Amino acid sequence: MTLIKTTYNRRSFIKSSALAGGGMVIGFSWLASCNPTPEQVNNMPKEWFDINGFLKIGDNGMVTIMSPNPEIGQNVKTSMPMIVAEELDTDWDNVIVEQAPLNTDIFQRQLAGGSQSIRAGWQGLRMAGATARHMLIAAAAEAWQVPASEITTAAGIITHKASNKSAGYGEMASSAATMTVPEEVSMKDIKDFVIIGTDRRNVDGPNLVTGKPLFGIDLQEEGMLIAMIIHPPAFGLTYKSMDAESVKSMPGIKDVFPIEVYPEGIERQWSDGGAIDKLVAIVGETTWQCMQAKKALNVEWEKTSTLESTAGHYEAITKLLNTTSKEPARKDGNVASAFKKAAQIIERTYSAPFLAHNTMEPMNFYADVTGERAILNGPIQTPEFLEKTLASRLDLPLEKIDIKMTRMGGGFGRRLYGTFGVEAAVISQKMQTPIKLVYTREDDMTQGTYRPTYKVKYKAGLDKDGNLIAWHVKGAGSNDDLIFENRFPAGAVDNYLAEKFTLETNVTTGAWRAPRSNFIAGAEQAFLDEVAEAAGKDAIEFRLELFDRAIKDPVGDPKNNDYDPERYAGVLKLIREKSGWDGNQKNGTARGVSSYYCHNSYVAQVLDLSTDVTPPKVNKVWCAVDCGIVINPMAAKNQIEGGIIDGIGHATYSEMTFEDGKPQHSNFDTYRLIRHKEAPKEIESFFVDNGIDPTGLGEPSLPPVIGALANALYRATGQRHYNQPFITEKSVIG
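All of the points below concern the structure found in this document. (Residues numbered from 1 in each chain as written. Predicted model: local features only at pLDDT ≥ 70, side-chain atom pairs only at ≥ 80, totals over all residues. Heavy atoms only, no water.)

### Describing the environment of Asp-105
Step number 1: For Asp-105, the position within the fold is in the loop between strand E5 (95-99) and helix H4 (117-144).
Step number 2: A residue is classified by how much of its surface remains accessible, and Asp-105, at 38% relative accessible area, is partly exposed.
Step number 3: Placed 581 residues apart in sequence, Asp-105 and Phe-686 show a C-alpha to C-alpha distance of 39 Å. (Helix = DSSP H or I, 4+ residues; strand = E, 2+ residues; numbered from the N terminus. Buried < 20%, exposed > 50% of the residue type's maximum accessible area, 1.4 Å probe, protein only.)

Written out as structure tokens, the structure is:
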């Protein structure tokens, strides 16, 4: 076992135990809980004992483990408790999982974003389980009057072999709860894991497939009203006036009024990005009644700024890319001189449009606000930041705001921005009654907070032997600067220059699954393939040569590079082996390769495109992943597969365009998403087993597949793809 100091967390554990002793982890809503099995219901403990803020143990040995982070489909509600259960040394069959509400006194980083939930929680979750196990052992040692060092645990049983004594965790739980929290604990060696690294089904699975109410949109509370909003139809407009009286008499309508969601002086959090300050609220008894009132209400808007269009966005970004940065993001060597000496120069420009998030479950939130407190419940990725904004907006102390989290029907970054939670609270405060705010699909798709539109220019120089001697990348995005200057091939090319620019626009933007990487990876990997072809080299060998340089003789200080070239090269070698890549096309099949690093993880992919059908079909994707220790392989594969399908679909079909500030798509009749028949027939995933602490997984498989698809399409059709969605370049998959 490895001895790990817990000093930096000891205070929180002591505080957690004290709070838990006051009943803080008991009595969560059935809506947020994983229902126990019938067998467990029949054998529920008569009494529960709080060990720390993460878990409690029943008198019969059943264990309830709190899952602290929001569940967005990434399966943390299963994986995070698995980590606790592993170090607790309990039997997974005796575990009940509950979604924890927001509690910053007990839990750290209750946030779903950046593929960091497991990475950030890894040590703390292990400590929670290991500390509880240590306290159970201490209780047994005291009861049996034997040295704690002679006691072992396994599957919820405490054993002292020398005296032939044993007890279940339930028998020692009451005493363990009174034990002093240890200064340091021993945690398992990874070779001794029995839960981590094994397939465990989603704890919400039975409820999901039987349609139980788990999501915010399902929430019903006695006496609540429904609220809907009307926002400006174009970016650059704001509310002016309306004839509210014309719809107040409609069936079920309780009130219609303008709301200023963020008045001057409110302390906003970063999660309030994309907010629309002034809206019209309609409150009624049902969603249907509110929707009919929305259609009937005549609202007048006034212009506040330029009404922008897609053509203007691309023109403005192009102008930016034709300028020179006064302060490059990174500069190694002398790029200008190297290009003058180059035997070949390849220059290409790539672009991508705005994208909507289009979560399956539109935005919604429940709020019950009075003068003394606020109770909120709904699907949110950033509850801690929502709480801070609400404290300022409602003029309430943090301790008077209670935020619970339902399961989310998708997020992809959209629910990082909790403006809809603030809107719900403001409407409830105005109405002095509980309300559930519900967006229509059109509200959600036209509200904003889009993936930015991007454009990037690449220039590469090769010497007479096909060696890469110069690399220049220049990128820009709407409200975003796009470029990761310290990622590959930085550190692998003697002469390297990265420049980045930002186009300011009033179209609101925000994080979209794998921010920036979701575009730049595909562009970079498509360009690398074109450069490899110009050099007369195999696509994988060309990349491996660069990684070899970064390993053996890196340019500049390797600490400045964001990536580990050995791990990066490792996934490429693995995918070459698993896919049987030999650089040659097979009859009826075109192949593309890609690799990328983001969210602390490394992914390489080979995509096979069937060319004997029209349009070509994505037949198979091989995917190699180095994300450190894999907690739940079944869930990990699901994440990989979802990211791949998401990347293929959006790169091929999706875009949001604007005309005079107005979004040109408001529902799926015109906004194209991937269809079942267009998804890969097969996806095979492989994970590097290196024992390194876990890193990100929810996002890293999406960015590289766009490059792999573009490279395969080139081999299938002879056409390179420079602009997304590929369908605009007359390229589709079937």
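### So, the sheet that holds strand E26 (residues 617-626)
Step number 1: Pairing is mixed across the open sheet formed by four strands, whose spatial order is E24-E25-E26-E29. Pairing within the sheet leaves two strands with one partner each, and these edge strands are strand E24 (589-598) and strand E29 (682-687). Taken pair by pair, the neighbouring strands of this sheet meet at an average axis angle of 15°, ignoring direction.
Step number 2: Bridge analysis of E24 against strand E25 (residues 601-610) gives 10 bridges, and the strand direction is antiparallel. Paired with Ala-590 across the strands is Leu-609, a residue of E25.
Step number 3: Lying over the sheet, helix H17 (residues 633-653) contacts E25, E26 and E29, oriented at roughly 130° with respect to E29. (Pairing = 2+ DSSP bridges. Axes fitted to C-alpha atoms, helices over the stretch in contact; angles between N-to-C directions. Contact = heavy atoms within 4.5 Å.)

### Regarding the sheet that holds strand E15 (residues 330-332)
Step number 1: If you walk across this open sheet you meet the five strands as E15-E23-E22-E21-E16, and the pairing is mixed. One side of each edge strand has no neighbouring strand; the edge strands of this open sheet are E15 and strand E16 (344-352). Within this sheet the neighbouring strands show an average axis-to-axis angle of 10°, counted without direction.
Step number 2: Pairing between E15 and strand E23 (residues 495-503): three bridges, direction antiparallel. Bridging from a neighbouring strand, Lys-331 pairs with Leu-497 of E23.

### Looking at the nonpolar core
Generally speaking, a soluble globular protein has its nonpolar side chains buried in company with each other.
Step number 1: One finds Val-456, Trp-471 and Leu-607 to be the most contacted residues of the largest nonpolar core, which totals 93 residues.
Step number 2: Tallying contributions element by element places helix H14 (residues 517-535) first for this core, with 10 residues.
Step number 3: Other than its neighbours up to four places away in sequence, Val-456 contacts Leu-321, Arg-348, Thr-349, Tyr-350, Val-473, Lys-474, Gly-475, Leu-482, Ile-483, Phe-519, Ile-520 and Ala-523.
Step number 4: If you look at the next biggest cluster of nonpolar residues, it comprises 48 residues, including Val-76, Ile-118, Ala-173 and Ala-176. (Core = buried A, V, L, I, M, F, W, Y, C linked by side-chain atoms within 4.5 Å.)

### Description of the pattern of salt bridges
Step number 1: The final tally for this structure, using the stated rule, is 42 salt bridges.
Step number 2: For Arg-576, the salt bridge goes to Glu-541, with nearest N and O atoms at 2.4 Å. Here Glu-541 lies in helix H15 (residues 539-552) and Arg-576 lies in helix H16 (residues 565-579), a separation of 35 residues in the sequence.
Step number 3: The partly exposed category is assigned to Arg-576, whose relative accessible area is 25%.
Step number 4: For Glu-541, a relative accessible area of 36% gives the class partly exposed.
Step number 5: For Arg-591, the salt bridge identified is with Asp-608, shortest N-O distance 2.6 Å. Linking Arg-591 in strand E24 with Asp-608 in strand E25, this pair joins segments that are 17 residues apart in sequence. (Salt bridge = Lys/Arg side-chain N within 4 Å of Asp/Glu carboxyl O.)

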